[in-house]
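# Breakdown of the fold
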Amino acid sequence: MAGSPTFLWLKGQNLVYAVVLCSSFGFLLFGYDLGFMGGLTTSPEFLNQFGNPNASLLGFLVSAYEVGAMIGAIAVFLIGDRLGRKPNNIAGATIVAIGAAIQTSSYSVGQFLAGRLIAGFGLGMCTTVIPIWLAECAMPKNRGRMMAMQLSNLIMGLIIANWVDYGMSFYAGSIQWRFPCALQIVFCLIVCCFMPWLPESPRYLANVDRIGEATVSLAALRGDHMDAEAIAMEMKEIQYAIAVEAEETGSWADVFKDGGVSGSTRVAIAFSANFFQQLSGVNVMSSLGPYIFQVSIGMSRYDALLVSGGLQIFYFLSSLIPWIVVDKAGRRRLFIIGSIGMGTCMTLSAIFVGIGTKGLGYAAAVVLYFFQTFFTLGWQSNMWIYPSELLPLKLRLRGGAIAVVSQWLWTFLVVEITPVMITNIGYKSYIVFAIINFVTVPFVYLFYPETSQLPLEAVDLLFADRENGQRPSIRQVVKDSTDKAFMAEVHATLQERARYGAESGEVEKPRAMAEVENAAMV
């Protein structure tokens, strides 16, 4: 019997934790980059260096990062699976470091914007690929918890950013804002030094026909021998899913087509998840927290920085809750609970800020703390894992890239317009976000299938043709995904088809999905 392979002398769940740790540094960089500009927007040294920009230009200095990230996600979409999950991540971190160096050395608005765009481009690459790499390495039973652990580090990045901004606010001179810009490079170096020693995604390796390497990665991640029956069975399931998708799909354009796997529908749902997450208003607090507390609620600069720093600590503590519940409660339920809670918090903030007394201003700040709790419970880790679970392997990277384009497109919109909204319509800004959160609830209920704890290959069977070759509607898919009897049959069918394909060398299915439906009704 062949031995159990290791990476960095680790295997099994400990190796998965190492993958989580490495990808967490990528998301810590994400959080830091989202947060450190919030303090700079109220820094006299920074504002004087760039000619005291008005609200519109200040918003663009922050949101240019999101434009770059959107372009980076598009680049991943166009490159596709040519490089692999790890090389894409390392390239992205290297580009972020270059952009950070340009920002740190800036003396003009144009140079700073160029640095923001370049760093954003690199982060767009990282945020597209990291969730896919983690989802394809983790085990189905705790995939959501692994993502929740990773996303807690995004919040740790926000905490570091806020307290670095606060600490540097006591220093005179341009170091007040240049040091926070330069600190990005440290996190990039950690990612670039750590990631090469970890396993590549076994699903990616199988997809590019590197079956031997895929088996080594999978055996190491599962902590089992390469010739173990469980490893052989999971490899068969992966290869079966690849074979089915290869018959129906062929190019990047398939993300806009049904392609026999409901590809365009699944990409649209992934796109919408990013839309609803960003339009919830979360990046108002992540990117512009000090600005909101100072301009909208009326705090002093130092109080605003302190309250914003405290908010991120509270946000981090709240992010520990999904570690426990995300794989038990399911994706749909948490999406709905989060949206109802966030909508309620935004409504209360509108009322308190609208009345305008100092006491109610502080009450609005407290409500925004609870907003972050509902966000991390419902939409933080849940949203980042959902597209990777929902999309078929052949479209996972490109479809995921389109989903991340949605993430950065709407992040850009929110960060760009928020200073203008606060200046022009005041408390009504919160009403806009409240309405969007409440509208999200029926949309999730009607159109989001449940994917929690499912093998990634089993999700394809939810969208497979049913009786007489009929393609199920999205409402039928949603209904079936919450039917335990139906899903038990889907698991059994996946294993049977994978075994049949391995024995016969064919992709032909031994059982129709109609039989699965009939079994579920018994």
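An unreviewed UniProt entry lists the protein chain under the name Major facilitator superfamily (MFS) profile domain-containing protein, with Friedmanniomyces endolithicus given as the organism. Looking at the Subcellular location (unreviewed entry) heading of the UniProt record, one finds this comment for the protein chain: "Membrane". UniProt, in the comment section headed Sequence similarities (unreviewed entry), describes the protein chain in these words: "Belongs to the major facilitator superfamily. Sugar transporter (TC 2.A.1.1) family."

Moving on to the packing of aromatic side chains. What the rule picks out here adds up to 23 aromatic pairs. Measuring from ring centre to ring centre gives 5.1 Å for Phe275 and Phe276, while their planes differ by 70°; the resulting arrangement is edge-to-face. When its relative accessible area of 24% is taken as the criterion, Phe275 is described as partly exposed. Residue classification places Phe276 among the buried positions, given a relative accessible area of 8%. Among the aromatic residues, ring-to-ring pairing joins Phe275, Phe276, Phe335, Trp379, Tyr386, Trp410, Phe443, Phe447 and Tyr448 into one connected group. Above the ring of Tyr107, the side-chain terminus of Arg178 is found at 4.4 Å from the ring centroid.

Within the largest apolar cluster, 112 residues are counted, with the highest numbers of intra-cluster contacts made by Phe30, Phe46, Phe112, Trp379, Trp384, Trp408 and Tyr448. Broken down by element, the residue count for this core peaks at 15 residues, all from helix 1 (residues 13–40). Discounting chain neighbours no more than four positions away, the residues touching Trp379 are Ala273, Phe276, Gln277, Phe335, Gly338, Ser339, Met342, Phe374, Thr440, Val444 and Tyr448. Formed by 11 residues, the second largest nonpolar core is a distinct cluster that contains Ala214, Ala219, Ala228 and Met235.

Between its first and last C-alpha, helix 5 (residues 109–137) extends 42 Å over 29 residues, near the 42 Å set by a 1.5 Å rise per residue. When you tally the buried positions in helix 5, you get 22 out of 29 residues, the bulk of the element.

Turning our attention to the pattern of salt bridges. Considering all chains together, one arrives at 5 salt bridges under this definition. In this structure, the salt-bridge partner of Arg210 is Glu213, at a minimum N-O distance of 2.8 Å. The salt bridge involving Arg222 is made with Glu234; its shortest N-O contact spans 3.0 Å. Of this pair, Arg222 sits in helix 10 (residues 211–222) while Glu234 sits in helix 11 (residues 229–248); the two residues are 12 residues apart in sequence, bridging distant segments of the chain. Put simply, Arg203, Arg222 and Glu234 are held in one network by salt bridges that share partners.

We now examine the environment of Gln111. Relative to the assigned elements, Gln111 resides in helix 5. For Gln111, the residues in contact, after removing those within four places along its chain, are Ile102, Ser105 and Ser106. A distance of 3.4 Å separates a polar atom in the side chain of Gln111 from the backbone nitrogen of Tyr107.

A few words on the packing of helix 1 against helix 6 (residues 143–168). Axis separation between helix 1 and helix 6 bottoms out at 6 Å; the angle between their running directions is 35°. Taken as a pair, helix 1 and helix 6 cross one another with a handedness that is right-handed. Per-class residue counts for the contact of helix 1 with helix 6 are 19 nonpolar, 10 polar and 2 charged.

We now examine a nonpolar patch on the surface. A grouping of Trp163, Leu306, Ile313, Leu317 and Leu320 is seen on the molecular surface, where their side chains present a nonpolar patch of about 400 Å² in accessible area. Residue contributions to the nonpolar patch peak at 3 residues, all from helix 14 (residues 301–319). Assignment of secondary structure puts Leu306 in helix 14. A relative accessible area of 36% means that Leu306 is categorised as partly exposed.

Moving on to helix 21 (residues 474–481). Those residues of helix 21 not exposed but buried are Val477, Val478, Asp480 and Ser481. Projected down its long axis, helix 21 shows its buried positions confined to an angular sector of 165°, all on one face.

Here Asn89 is to be found in helix 4 (residues 85–104). If near-sequence neighbours (up to four positions away) are discounted, Asn89 is found in contact with Cys126, Val129, Ile130, Trp133 and Met195.

Attention now goes to unusual backbone geometry. Of note, the phi angle at Trp9 is positive, near 60°, even though the residue is not glycine. Within the fold, Trp9 resides in the segment before helix 1. The phi dihedral of Asn52 falls on the positive side, at around 50°, and the residue is not glycine. According to the relative accessible area criterion, Asn52 is partly exposed, its value standing at 49%.

Rules of the game
Residues numbered from 1 in each chain as written. Predicted model: local features only at pLDDT ≥ 70, side-chain atom pairs only at ≥ 80, totals over all residues. Heavy atoms only, no water. UniProt positions renumbered as here; feature names shortened; annotations may be inferred. Phe/Tyr/Trp six-rings, centres within 6.5 Å; stacked < 30°, edge-to-face > 60°. Buried < 20%, exposed > 50% of the residue type's maximum accessible area, 1.4 Å probe, protein only. Lys NZ or Arg CZ within 6 Å of the ring centre and 35° of its normal. Core = buried A, V, L, I, M, F, W, Y, C linked by side-chain atoms within 4.5 Å. Helix = DSSP H or I, 4+ residues; strand = E, 2+ residues; numbered from the N terminus. Contact = heavy atoms within 4.5 Å. Expected span 1.5 Å × (residues − 1). Salt bridge = Lys/Arg side-chain N within 4 Å of Asp/Glu carboxyl O. Polar contact = N/O pair within 3.5 Å; in protein donor to acceptor, adjacent residues only side chain to side chain. Axes fitted to C-alpha atoms, helices over the stretch in contact; angles between N-to-C directions. Left-handed = near helix turned anticlockwise from the far one by under 90°. Nonpolar A, V, L, I, M, F, W, Y, C, P; charged D, E, K, R; others polar. Patch = residues over 30% accessible without salt bridge, like charges linked within 9 Å, V, L, I, M, F, W, Y side chains within 5 Å. Areas by Shrake-Rupley, 256 points an atom, 1.4 Å probe, with all protein chains shown as cover. Arc of directions from axis to C-beta.

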